Amino acid sequence: RLTYNVTIFRMASLGLPPDTARCVTAVLLGRIGDVIIAAPFFEALRRRYPKARLRLVLNSSCANVFELLKPCAGLDREDLALIHPWFMAPRNLRAAVFLAGRRSDLTVDLNPSASKSSAGLMALANSRVKLGFRKGRLDGFYTHKVDAPREDEPMLDRYARLAAALGADYSPQFRLTLAERHFAQAGTLLAALGYNASRLNVAVHPGNFKKFDNRWAESNFVALGYLLQENPAISLYFMAGPGERAQVEAIARALKRPAPLLPAAGLAATGAMLRHMNVLFCNITGTTHLAHGLGVPTFGLYSGYTNAVWRPREDCCGGAVSPDWESCRPISVEQAHAAFTQFLKSIAVK
């Protein structure tokens, strides 16, 4: 606690008046869900430095999420640099020039854990103030630091501490914004599937298939689908992320009444399709935060870790929590179905 207070004092004594900051840069090398949950921090930067040019350095896989962040944080496309995982990728040279060639009054590293990549980017940054979480032997790349996060510290609280170090007004509540063309595209795609707005439309996302412990067993989704289809008011729609379609199709085909898959589409159009749903049932992935950011009620299958760190806080975000810190797989079909049924009642979905 003492260290935290001293850090804030040092930041305040540095002297970075909000009305004089001309350029502020944020660096985050996570995936789509990481960037979406950081949206409140980007908004806090905008409020703290209203006259500054706000720039982002993101992982290349997050290019599509930028379109959703633009309205809430007042961003321009030329203020985005993308980092490719292949070190020698040409776009990485552009990002290096982006950081080193344009001076920022402040550069913030939002990556909470030690990362040679993010530390290297901070070393390149042409910035008077370089703020980040304490990272042990990598601390030398930062001029100012806040304490390293606890393993069970919610991600929103981690970013709240970064915002506090800057004296920024931070609120964990946020909403992503879609354009009318995204809703029009979603309407066309859903109409081809026989979508009926008067039904209780439930989207189901069984991914992320790359992380065994972070996803429920495929057989459990089939068993849950059987139970949900006993409710005549429910229409099920399955959705798949990149590289997941074959596995999700196998689950959807195994139901008593095979369920349709939402068509593959860009991130914004996918978000618009989710907005047409009454609720999303999912393993915890970036889809969870996409739906939450768009105001779609979500029900997640949480391990102890994802429940503590990644779970959204609003009442429209329900879930079943595993007794296992690392894995959601111990959650039974009966437990998930009972909790989901109660969740539907709590949000008054008819």
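For every chain, the first residue of the written sequence is number 1, and numbering continues from 1 onward in sequence order. Residues qualify for local features only when their pLDDT is at least 70, as the model is predicted, and side-chain atom pairs are given and counted only at 80 or more; totals for whole chains, interfaces and linings, by contrast, use all residues. Remark: hydrogens and water are excluded; side-chain values derive from all non-hydrogen atoms of the structure.

**Quick word on the environment of Leu156**
Numbering of helices and strands runs from the N terminus, with a helix taken as a DSSP run of H or I at least four residues long and a strand as a DSSP run of E at least two residues long. Within the secondary structure, Leu156 sits in helix α7 (residues 155–165). Linking Leu156 and Ile32, residues 124 residues apart in sequence, is a C-alpha distance of 15 Å. Residues are treated as being in contact if the distance between any of their heavy atoms lies within 4.5 Å. Not counting residues up to four positions away in its chain, the partners in contact with Leu156 are Ile37, Tyr170, Pro172 and Arg313.

**So, the sheet that holds strand β3 (residues 80–83)**
Backbone-to-backbone hydrogen bonds join strands into a sheet, with any given pair of strands oriented parallel or antiparallel. Taken in spatial order, the six strands of this open sheet run β3-β2-β1-β4-β5-β6, and their pairing is parallel. Both edges of this open sheet fall to β3 and β6 (144–146), since each of them pairs with a single strand only. Within this sheet the neighbouring strands show an average axis-to-axis angle of 15 degrees, counted without direction. Two strands are counted as paired when DSSP detects at least two bridges linking them. In the sheet, strand β1 (residues 23–28) pairs with strand β4 (residues 104–109) via four bridges, with the strands oriented parallel. For Ala26, the partnering residue across the bridge sits in β4 and is Val108. Only the stretch in contact is used when a helix axis is fitted, and all axes are lines through C-alpha atoms; the angle between N-to-C directions ranges over 0 to 180 degrees. Relative to β3, helix α5 (residues 90–100) is tilted by about 135 degrees, and along the sheet it contacts β1, β2 (53–59) and β3.

**What about unusual backbone geometry?**
Keep in mind that most residues, glycine aside, have a negative phi and that most peptide bonds are trans. The step from Gly207 to Asn208 runs through a cis peptide bond, and the omega angle for that step is 10 degrees. Among the structural elements, Asn208 can be located in the loop between β7 (200–205) and α9 (218–228).

**With respect to the packing of helix α8 (residues 180–191) against helix α11 (residues 267–275)**
Two elements in contact, α8 and α11, have axes whose closest approach is 8 Å; the angle formed by their N-to-C orientations is 65 degrees. It follows from the interaxial angle that α8 and α11 lie roughly perpendicular. The handedness of the crossing between α8 and α11 comes out as right-handed. Residues His182, Phe183, Gln185, Ala186, Leu189 and Leu190 of α8 lie in contact with α11, whose contacting residues are Ala268, Ala269, Ala272, Met273 and Arg275. Ten residues, namely Ala, Val, Leu, Ile, Met, Phe, Trp, Tyr, Cys and Pro, are considered nonpolar, four, namely Asp, Glu, Lys and Arg, are considered charged, and the remaining ones, Gly among them, are considered polar. The class makeup of the residues in the contact of α8 with α11 is eight nonpolar, two polar and one charged. Angles below 35 degrees are treated as roughly parallel, those above 145 as roughly antiparallel, those between 65 and 115 as roughly perpendicular, and all remaining angles as oblique. In this scheme the crossing of two helices becomes right-handed for a clockwise turn of the near helix relative to the far one and left-handed for an anticlockwise turn of less than a right angle.

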